[in-house]
Amino acid sequence: MNWEQLLSLKRYGDTNKRLRQEQDETRLGFEVDYDRIVFSQEFRSLQDKTQVIPLSETDFVHTRLTHSLEVSVVGRSLGRQVGQKILEKYPHLQNVHGYQANDFGAIVATAALAHDIGNPPFGHSGEKSIGEFFKTGAGKAYKAQLTDKEYQDLCDFEGNANGFKILTQSRPGRQGGLRLSYATLGAFTKYPKESLPKKPTNHIADKKYGVFQSDKEAFADVAKELGLINRSDNHLSFSRHPLAYLVEAADDICYTIIDFEDGINLGLIPEEYALEYLSKVIRDNIKPENYYALSNKEDRVGYLRALAIGALINDAVDIFMKNEDAILNGTFSSALLDKSKYEAQIRDIIKISVENIYQSEEVIDKEIAGYQIINKLLTVYTNAVNNSFSGTASNYDELILKSLPKTIDFSHNSLYQRLLAVCHYISLLSDSKAIQNFKKIEGVTF
């Protein structure tokens, strides 16, 4: 792979390629990508989607929206620092093609901003509940009518693949989806493969999948434009765009440190753990007089959080540049933070968060409710859509169909496409909207 291709400004849905030198310096092409994400309806719905604590009654806890904004900020810093070093290593990128360090920052920031845009309501349990519907619930009845890969898409419903669909899916008046640059779409796709085979190697790009069967052609086009390396002749599998490693690192940094911070501020983790564990990451950069001068817990923890994030950013940049050649030839097989000098400290912090936050009674109780809500929505919507297609829709089915959005095609000839459309619609719901739809179906509210 080479950076000239990887930094493609061509927009998905366009036929003409754009050059960096032709851009208006007041609003560069990669920055337009960021704007389009921010103003999209799908991004706005993240303000009411669970990050860790579902439907929390406190203003402090992060939602998917605030998490995405913070990941984007960290991603911008990672991208700019790496961009500066890449331009020093390959000066022709700046001298001949006009790229700046900020271009790298804008690509990573935008991809990071969108990294959770395809996640369904109720956090990762939302993905799992969709999968369970098809693996063990009423949706299992569709297995015989689907290909193995189509069925696997549904059984392992993946927010990353759904995000790629959101960013690229055409609809009336929106050809090419959000029409983002190919560079941003490449950086967004952490798992550039289809759902089967599952984890064919230990390479980080094979950990999950990032492309539905319905979007294989779209991603193949992105991969060709960017010059991504084809990793298999038997199934869709490509090397990562190098900047996807930075998007992943930004997410890893934020959920490691900020979820830990949330737990402390909610009282689920003792405050003294912040000083004990984060100081091991910050090391000599902490100034005790500054820490103890802060009068409240939130400010003290925030001070440590900022220093810890800064230390992990610098470490991730160093790891990226040391392995840049391997990343470009597709042989770097782990996440950046897996090679971190702070790996043991990161592991300890995550372990505490898992025990005290992710497995807390509040989280478990609401995830249980989320499973039931999503299962009910899937049952009712798939029945209505498929009964309508076969001409056996009841009056109730017809009422349900009228409640579904006109912007999504639920009448496709393909059963797979109809089922995926229902899953896609449910994934777009906020937590509150999913609950509202559930209550309407159950007849407990108007």
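Predicted model only: the values in this text are computed from it and were never measured.

Points about the side chain of Asp-33
- Along the chain, the position of Asp-33 falls in helix α2 (residues 29-38).
- Residues within four places of Asp-33 in sequence aside, it is in contact with Arg-11, Thr-110, Arg-179, Leu-180, Ser-181 and Thr-184.

Quick word on the side chain of Asn-119
- With respect to the element layout, Asn-119 can be found in the loop between α6 (101-113) and α7 (124-135).
- In contact with Asn-119, not counting residues within four places along its chain, are Lys-49, Arg-64, His-124, Glu-127, Gly-159 and Ser-427.

With respect to the nonpolar core
- Counting 93 residues, the largest nonpolar core has Trp-3, Phe-320 and Leu-336 as its most contacted members.
- Contacts of Leu-336, omitting those with residues within four sequence positions, involve Tyr-245, Leu-246, Glu-248, Ala-249, Ala-316, Ile-319, Phe-320 and Ile-327.

Here's the deal with the packing of aromatic side chains
- This structure, assessed with the given rule, holds 12 aromatic pairs.
- Where Phe-164 meets Phe-219, the ring centres are 5.6 Å apart and the plane angle is 70 degrees; that geometry is what we call edge-to-face. Highlighted residues: Phe-164 in helix α9 (residues 159-168) and Phe-219 in helix α11 (residues 216-226), separated in sequence by 55 residues. The residues Phe-164 and Phe-219 share a single accessibility class, namely buried.
- What links up through ring pairs into an aromatic cluster is the set Phe-157, Tyr-209 and Phe-212.
- Residue placement shows Arg-418 over the ring face of Phe-389; its charged tip is 3.8 Å from the ring centre.

Let's talk about the environment of Lys-140
- As for its position among the elements, Lys-140 is in the loop between α7 and α8 (148-155).
- Sequence separation between Lys-140 and Leu-154 is 14 residues, and the spatial gap between their C-alpha atoms is 10.0 Å.
- If we skip the residues at most four places from it in the chain, Lys-140 touches Phe-133, Phe-134, Lys-135 and Tyr-151.

A look at the pattern of salt bridges
- Scanning the entire structure with this criterion turns up 16 salt bridges.
- Measuring nitrogen to oxygen at the nearest pair gives 3.1 Å for the salt bridge that ties Arg-231 to Asp-206. Of the two residues, Arg-231 is situated in the loop between α11 and α12 (242-265) and Asp-206 in the loop between α10 (182-188) and α11; the sequence distance between them amounts to 25 residues.
- Glu-442 is paired through a salt bridge with Lys-376; the nearest N and O atoms lie 3.4 Å apart. Taken together, the residues span a long stretch of sequence, with Glu-442 in helix α21 (residues 431-442) and Lys-376 in helix α18 (residues 361-390) at a distance of 66 residues.
- On the accessibility criterion, Glu-442 (40% relative accessible area) is partly exposed.
- Connected through salt bridges with shared partners, the residues Lys-89, Glu-324 and Asp-325 form a single ionic network.

Considering the environment of Gln-47
- Here Gln-47 shows up in the loop between α3 (41-44) and α4 (64-89).
- Between the alpha carbons of Gln-47 and Val-73 there is a distance of 17 Å; along the sequence they are 26 residues apart.
- Not counting chain neighbours up to four residues away, the residues in contact with Gln-47 comprise Thr-63 and Leu-65.

A few points about α8
- Counting buried positions along α8 yields six of eight residues, so the element is predominantly enclosed.
- Looking only at α8, the buried set comprises Glu-150, Tyr-151, Gln-152, Asp-153, Leu-154 and Cys-155.
- Looking at the buried residues of α8, the elements they touch are α7 and α20 (415-428).

Focus on unusual backbone geometry
- Residue Pro-197 follows Leu-196 across a cis peptide bond; omega there is 0 degrees.
- By secondary structure assignment, the location of Pro-197 is in the loop between α10 and α11.
- The backbone phi angle of Arg-179 is positive, close to 55 degrees, even though this residue is not glycine.
- With respect to the helices and strands, Arg-179 occurs in the loop between α9 and α10.
- The backbone of Lys-199 shows a phi angle near 40 degrees, a positive value even though the residue is not glycine.
- Residue position: Lys-199 is located in the loop between α10 and α11.
- On the basis of relative accessible area, Lys-199 is assigned to the exposed category, the value being 57%.

Procedures and definitions
- Residues numbered from 1 in each chain as written.
- Predicted model: local features only at pLDDT ≥ 70, side-chain atom pairs only at ≥ 80, totals over all residues.
- Heavy atoms only, no water.
- Helix = DSSP H or I, 4+ residues; strand = E, 2+ residues; numbered from the N terminus.
- Contact = heavy atoms within 4.5 Å.
- Core = buried A, V, L, I, M, F, W, Y, C linked by side-chain atoms within 4.5 Å.
- Buried < 20%, exposed > 50% of the residue type's maximum accessible area, 1.4 Å probe, protein only.
- Phe/Tyr/Trp six-rings, centres within 6.5 Å; stacked < 30°, edge-to-face > 60°.
- Lys NZ or Arg CZ within 6 Å of the ring centre and 35° of its normal.
- Salt bridge = Lys/Arg side-chain N within 4 Å of Asp/Glu carboxyl O.

By themselves, these observations are geometric and do not establish any function.
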